[in-house]
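Okay, here's what each chain looks like letter by letter:
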Amino acid sequence: MQVISVWSPKGGVGKTTLTAHLADCLTVQHGKKVIAYDADPQLALFNTYKRGGFAFDVTDSYPSERPNCDFFIVDFRPTANLSSHEKTIIQNSSVVVVPVRASRLDLDSAKAVNNLAPEKRVINVLSCFDKRVSDQKEVRTHLAPEHELISYLAIYARTMNDYKTIFTRDTDNLNGTTRARNEVKTLVTKILEKSNG
Ligand SMILES: Nc1ncnc2c1ncn2[C@@H]1O[C@H](COP(=O)(O)OP(=O)(O)OP(=O)(O)O)[C@@H](O)[C@H]1O
Ligand SMILES: [Mg+2]
């Protein structure tokens, strides 16, 4: 079993949304058994899961025994002030995914991950990235050229609003699905590379 943490110090950067799409991609596209742990007291992921549209399972409590799955993916609350339990989860993760908005302030605060996990286990992501916005484009070019990209696309939010993900079959023909799927698949390929090595 591999642990994947989705963490960022900032709120509202797309952690929960990304966790759901990543977990569904690993399940639907790669045939992995995935359990997500909603470690945020807001329980947005767990409450969405309860409506039955995800292909993976979500728990709202940390398992007392090693869970029986290929990937255990953790959706963190937004904080730079992690508890020792949260730190231990991150330290035991094969991969730490850090979504961040394309702004220098947000990039700087996300650097706190360097105190938590070695660089080779971290995947930095520009989240909700809109290349039509000039300052975001500049941040991409000058400050974050190596970050993975998850674009600002309505389909990411729209599917979650309907209690499902971009990998749910009946989203096949919706506007933006193909582009969003390709972005998430690229990220999942990186996760699989890192978790194998
Ligand atoms: N790639 C995206 N494109 C467009 N909208 C997005 C994208 N990712 C997330 N959103 C929207 O942004 C908002 C915040 O997303 P989300 O709740 O996933 O962030 P979060 O980091 O988990 O927040 P919190 O820190 O409160 O847990 C939601 O309204 C969501 O629908
Ligand atoms: Mg969240």
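What counts and how
- Residues numbered from 1 in each chain as written.
- Chains lettered and ligands numbered in written order.
- Predicted model: local features only at pLDDT ≥ 70, side-chain atom pairs only at ≥ 80, totals over all residues.
- Helix = DSSP H or I, 4+ residues; strand = E, 2+ residues; numbered from the N terminus.
- Rg over C-alpha atoms; globule rule 2.2 N^0.38 Å.
- Buried ≥ 20, exposed ≤ 12 C-beta atoms within 10 Å, placed from the backbone.
- Near = placed C-beta within 6 Å.
- Nonpolar A, V, L, I, M, F, W, Y, C, P; charged D, E, K, R; others polar.
- Axes fitted to C-alpha atoms, helices over the stretch in contact; angles between N-to-C directions.
- Parallel < 35°, antiparallel > 145°, perpendicular 65-115°, else oblique.
- Contact = placed C-beta atoms within 7 Å.
- Pairing = 2+ DSSP bridges.
- Right-handed = clockwise from strand over helix to strand, strands pointing away.
- UniProt positions renumbered as here; feature names shortened; annotations may be inferred.

- You'll find the protein chain entered in an unreviewed UniProt entry as CobQ/CobB/MinD/ParA nucleotide binding domain-containing protein, with Thalassotalea marina given as the organism.

Quick look at the overall build of the protein chain
Next, step 1: Each helix and strand in the protein chain was counted, giving 7 helices and 7 strands.
Next, step 2: Scanning the protein chain from its N terminus toward the C terminus, one meets helices and strands in the order β-α-β-α-β-β-α-β-α-β-α-β-α-α.
Next, step 3: Compactness check: the protein chain gives a C-alpha radius of gyration of 16 Å against a globular reference of 16 Å for 197 residues, within 12% of the reference.
Next, step 4: Expressed as a percentage of the 197 residues in the protein chain, the buried residues total 41%.

A few points about the site of ligand 1
Next, step 1: Around ligand 1, the surrounding shell holds 18 residues, and the nearest of these are Gly11, Gly14, Thr16, Thr17 and Ala157.
Next, step 2: Elements with a minimum of two residues in the shell around ligand 1: helix H1 (15–28) and helix H6 (154–161).
Next, step 3: Grouping the amino acids of the shell around ligand 1 by side-chain chemistry returns 10 nonpolar, 6 polar and 2 charged.

A word on the packing of H1 against helix H7 (residues 177–196)
Next, step 1: Contact geometry of H1 with H7 gives a least axis separation of 10 Å together with a crossing angle of 75°. For the element pair H1 / H7, the angle class is roughly perpendicular. Between H1, through His21, Leu22, Cys25 and Leu26, and H7, the contact on the second element is made entirely by Val184, Lys185, Leu187 and Val188.
Next, step 2: Classifying every residue of the contact of H1 with H7 by side-chain character gives 6 nonpolar, 1 polar and 1 charged.

Some details on the pairing of strand E5 (residues 95–100)
Successive residues of a regular strand alternate their side chains across the two faces of the sheet.
Next, step 1: E5 sits mainly inside the fold: 6 of its 6 residues count as buried.
Next, step 2: Covered by surrounding structure in E5 are Val95, Val97 and Pro99 together with Val96, Val98 and Val100, the residues of both alternating faces.
Next, step 3: Pairing of strand E1 (residues 2–6) with E5 involves 3 bridges; the strand directions are parallel. Paired with Ile4 across the bridge in E5 is Val95.
Next, step 4: Here E5 pairs with strand E6 (residues 122–129) via 5 bridges, running parallel. Of the residues in E6, the one forming a bridge with Val97 is Ile123.
Next, step 5: Regarding the hand of the β-α-β motif, the stretch spanning E5, helix H4 (residues 104–110) and E6 is right-handed.

Digging into the UniProt feature "domain: CobQ/CobB/MinD/ParA nucleotide binding" (unreviewed entry) in the protein chain
Next, step 1: UniProt annotation of "domain: CobQ/CobB/MinD/ParA nucleotide binding" (unreviewed entry) refers to residues 4–101 when read in the numbering used here.
Next, step 2: Between the C-alpha atoms that bound residues 4–101 there is a distance of 20 Å. The span itself is 29% helix and 22% strand.

Points about the environment of Pro67
Next, step 1: Inspection of the secondary structure assignment puts Pro67 in the loop between strand E3 (57–59) and strand E4 (71–75).
Next, step 2: Between the C-alpha atoms of Pro67 and Val188, which are 121 residues apart in sequence, the distance is 21 Å.
Next, step 3: Leaving out residues up to four positions away in the same chain, Pro67 has contacts with Met1, Ile35 and Phe72.

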